Amino acid sequence: MLATLARDLPAGGEWTFEPKYDGIRAIAVVTAGAVVLLTRNGNDKAHQFPELLAALRELRERHGADLVLDGEIVALRAGQVVRFEALAGRMHTENPRSIARLSREQPAAYVAYDLLLTGRDPLVPRPWAERRASLERVLDGRETDRVRLGATSPDGGAMMEDARREQWEGVVAKRTGARYQPGIRSRDWLKVKLAPQEEFVIGGWTDPTHPARKLGAVLLGRYGGDGRLRYVGHTGKGFSERMLRSLHARLQQLERSTSPFDPKPRLVQAHHWADPVLVAEIRYSEWTAAGKLRDSTFLGLRDDKAGADLLRDATEGADDGGLGRIEAALREIEEGEGSGTIEVDGAMLDVAGLARPAYPGSRFTRGDLLRYYVKMSPCVLPVLRDRPLAVAYFPGSPSKRPIYRQGAPPDTPDGVRVDEVQVGRERKRMLVGGDLATLLFTIARGAVSHDPWHARVPGVDEQDYVVLDLDPMPAASFSRVVEVARVAGEVVRDAGLESRLKTSGRSGLHVYALLPPGTTVRAAGVVAERLAREVTRRAPGLATVERSTTARPRDGVYVDHLMSRRGANVAGAYAVRATPELTVSAPLAWSELSDVLDPLDFTVETMPARLRAVGDLWSQSALG
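Residues numbered from 1 in each chain as written. Predicted model: local features only at pLDDT ≥ 70, side-chain atom pairs only at ≥ 80, totals over all residues. Heavy atoms only, no water.

Engineer: Outline the packing of helix 8 (residues 323-335) against helix 9 (residues 366-384), supporting the account with residue identities and numerical values.
Structural biologist: The geometry of helix 8 relative to helix 9 is characterised by a closest axis approach of 10 Å and an angle of 180° between their N-to-C directions. By the angle between their directions, the pair helix 8 and helix 9 is classed as roughly antiparallel. Judged by residue contacts, Leu 323, Ile 326, Glu 327, Leu 330, Arg 331 and Glu 334 of helix 8 engage Gly 367, Asp 368, Leu 370, Arg 371, Val 374, Lys 375, Ser 377 and Pro 378 from helix 9. (Axes fitted to C-alpha atoms, helices over the stretch in contact; angles between N-to-C directions. Helix = DSSP H or I, 4+ residues; strand = E, 2+ residues; numbered from the N terminus. Parallel < 35°, antiparallel > 145°, perpendicular 65-115°, else oblique. Contact = heavy atoms within 4.5 Å.)

As structure tokens, this is what we get:
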């Protein structure tokens, strides 16, 4: 069973807290005939730790029955647990003489935290509290320096103070009523780390400035939810001469001609690529805005894990492309301090104020808004693919007037898509949609909606569609909007064009007309105006194209064809609107047009269920 990384310790009486010492996680299978210490990737470490093998065998004899324990192999110095660096040397030693010497000079201990089987009694289905009681009975009077009972406490704050004082890696929180789930990364177990420390895949190395050093630095990567290995930086600190020689020899065996990183990093130093097999434990001070490690130090290789293990962790739940992991990270931040940093496909995004209302008086939070877009991204991202984004930011309250921006912010982080786009006579650096990092970046910066251009890069002089924005006047009922939408649909179809329909997310409807390939922006504007005027001709007294609000009938519906202009802020399909209920611009089937249709029924809360019921209506067209 695997723990989920969390920012803060959970609150409530249903949790217990244990040390995370910075050792090697191992399942101890202890029978009359053998002792096995299995790491996560299935390696047996028992032969490398003969002192633990003997101690576990003695425990089994005194207990009188077979045992399966879940625990951690830790390094000792003067009987006290020390950090991973002291253990790293033993993990890779295969020479029997060296193993025997290290077991005397650098002894280890097995710290048991869980009991999965005793005799023929499997404890996996039982809650943690029962398993813990059984573990304490097994070890009562049988603990030694080599086999220890792991500490546990209901006081997470005190455990965290101990972690800081003793310089542990962190603290693990476990839900006391949870059953054991073999091989599953569960939120019933949460791990909170102190100093930033993480495992990264080695994808290559640089040449040294001094020939005697063998290698200059290792090139580090981290897998994203899409399975791509992204370069996060390099480190040349923390190596002993012995480790440099050993690591260089192993990397030479893995050398390849192509970069394992996607995208390929641009490196100044002479370098070599390697198959992404080796995993390094790295300590660092922080992530930079560019998504790279700052002040990183090599602690050791993890031969209990391989690159494939980190890839599997990153893509867990491949059915959702790792979206569940991003949702969980956002929820952890919201339940903690409300601000933090999330990693999305290699981009490091700062998020803040997640516990604040997404709109004044709303029951939905900023965290709810971000999680909606994560959950709905399989439908939203095709709508935005390769389209420049016209973004309306709400830097203060969403109830205030937004600030409209066509250009990308100057501090846009790496991993967020920015292209140069011709806008009139100048070229602008613009955000371009189609990936989750770019979408979430705009929302984290204060946007609520996503407003894509009606054209895609690089051919922004050609338009894919026009949109008729049906906007009711103050005295017009929504049934009148429905009536005009029916007429607009007929007009579009009679023109030989394919039509699409969605709510505006407020009180109106949007009718889209798909254009033939190669339609210029200028021609699209002509088409939009002619369609709008034909709608008003067929619905006299009901529809109007009058631009002056005072000249429009108070119970009429304004057919706004000017929203088809390049760069206009028109909410895309599935976009959230700045309303107290976080209503959504929802795609509709034409058969859904009726007097009982209420656009306020479509919200961030109801849209996921609607999607499951009717499918993605927008993806069935060239708009997606």
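Engineer: Talk me through the side chain of Lys 502; I want residue IDs and the actual numbers.
Structural biologist: With respect to the helices and strands, the residue Lys 502 is situated in strand 28 (residues 499-503). Engagement of the side chain of Lys 502 in a polar contact is seen with the side chain of His 510, the distance being 2.7 Å. A distance of 2.8 Å separates the side chain of Lys 502 from the backbone oxygen of Ala 571, its partner in a polar contact. When residues no more than four places from it in sequence are discounted, the contact partners of Lys 502 are Leu 509, His 510, Tyr 512, Ala 571, Gly 572, Ala 573, Ser 585, Ala 586, Pro 587, Leu 588 and Trp 618. (Polar contact = N/O pair within 3.5 Å; in protein donor to acceptor, adjacent residues only side chain to side chain.)

Engineer: Account for the sheet that holds strand 1 (residues 2-5), with residues named and values stated.
Structural biologist: Spatial strand order, 1-11-10-2: four strands in an open sheet with mixed pairing. Looking at strand neighbours, the two that pair on one side only are strand 1 and strand 2 (15-20), the edges of this open sheet. Ignoring which end each strand starts from, the neighbouring axes of this sheet average 40° apart. Bridge count between strand 2 and strand 10 (residues 170-175): six bridges; the pairing is antiparallel. Bridge pairing links Lys 20 to Gly 170 in strand 10. Against the sheet, helix 8 engages strand 1 and strand 11 (185-193), with an angle of about 55° to strand 11. (Pairing = 2+ DSSP bridges.)

Engineer: Could you give an account of the pairing of strand 5 (residues 67-77), with specific residues and numbers?
Structural biologist: The buried count for strand 5 comes to 10 of 11 residues, which makes it a mostly enclosed element. Examined bridge by bridge, strand 3 (residues 24-30) and strand 5 share seven bridges and lie antiparallel to one another. Residue pairing across strands places Ile 24 opposite Ile 73, the latter belonging to strand 5. Pairing of strand 5 with strand 7 (residues 108-118), which is carried by nine bridges, proceeds in the antiparallel orientation. When the sheet's bridge partners are listed, Val 68 is paired in strand 7 with Leu 117. Note that strand 5 and strand 6 (residues 80-82) share three bridges and pair antiparallel. Note on strand 6: the bridge partner recorded for Ala 75 is Val 82. Counting the residues between successive antiparallel strands, the hairpin from strand 5 to strand 6 contains two residues, one of them, Ala 78, with a positive phi of roughly 55°. (Buried < 20%, exposed > 50% of the residue type's maximum accessible area, 1.4 Å probe, protein only.)

Engineer: Before we move on, can you summarise the packing of helix 9 against helix 13 (residues 607-614) with the specific residues and values?
Structural biologist: Between two packed helices, what matters for the description is the angle formed by their axes and the separation of those axes. Relative to each other, helix 9 and helix 13 sit at 25°, their axes nearing to 10 Å. Viewed along their axes, helix 9 and helix 13 adopt a mutual orientation that is roughly parallel. In the crossing of helix 9 with helix 13, the sense of the turn from one axis to the other is left-handed. Counted together, Tyr 372, Lys 375, Met 376 and Cys 379 of helix 9 and Met 607, Pro 608 and Leu 611 of helix 13 form the full contact between these two elements. (Left-handed = near helix turned anticlockwise from the far one by under 90°.)

Engineer: Tell me what's going on with the pairing of strand 11, and back it up with residues and numbers.
Structural biologist: A regular strand places its side chains so that they alternate between the two faces of the sheet. In terms of strand pairing, strand 1 meets strand 11 through four bridges, oriented parallel. Each bridged residue has a counterpart across the sheet, and for Leu 5 the counterpart in strand 11 is Lys 191. Pairing between strand 10 and strand 11: five bridges, direction antiparallel. Bridging from a neighbouring strand, Lys 174 pairs with Trp 189 of strand 11.

Engineer: Mind laying out the sheet that holds strand 32 (residues 587-588), listing which residues take part and the relevant values?
Structural biologist: Read across the sheet, six strands follow the order 30-31-27-29-28-32 without closing on themselves; strand pairing throughout is mixed. At either margin of the open sheet sits one strand with a lone partner, and together these are strand 30 (543-544) and strand 32. Of the strand pairs in this sheet, strand 27 (residues 465-472) and strand 31 (residues 557-560) are connected by four bridges, and their pairing is antiparallel. The residue of strand 31 that forms the bridge with Asp 469 is Asp 560. Most of the contacts of helix 12 (residues 521-538) go to strand 27, to which it runs at about 40°, and overall it touches strand 27, strand 29 (509-514), strand 30 and strand 31.

Engineer: Account for helix 4 (residues 128-139), naming residues and giving values.
Structural biologist: Across its 12 residues, helix 4 extends 16 Å between first and last C-alpha, which sits within 8% of the 16 Å expected from 1.5 Å per residue. What helix 4 keeps buried is the set Trp 128, Arg 131, Arg 132, Ser 134, Leu 135, Val 138 and Leu 139. End-on, the buried residues of helix 4 take up no more than an arc of 165°, which puts them together on one face. The positive-phi residue at the C-terminal boundary of helix 4 is Gly 141, with phi of around 75°. (Expected span 1.5 Å × (residues − 1). Arc of directions from axis to C-beta.)

Engineer: I'd like a description of the nonpolar core, backed by residues and values.
Structural biologist: Core analysis: the largest hydrophobic core is formed by 90 residues, its most contacted members being Tyr 373, Leu 440 and Leu 470. For this core, the element with the highest residue contribution is helix 9, accounting for 11 residues. If sequence neighbours within four positions are ignored, Leu 470 has contacts with Val 481, Val 484, Ala 485, Gly 508, Leu 509, Val 511, Val 557, Tyr 558 and Val 559. Ile 24, Ala 28, Phe 49 and Ile 73 belong to the second largest nonpolar core, which has 28 residues in total. (Core = buried A, V, L, I, M, F, W, Y, C linked by side-chain atoms within 4.5 Å.)

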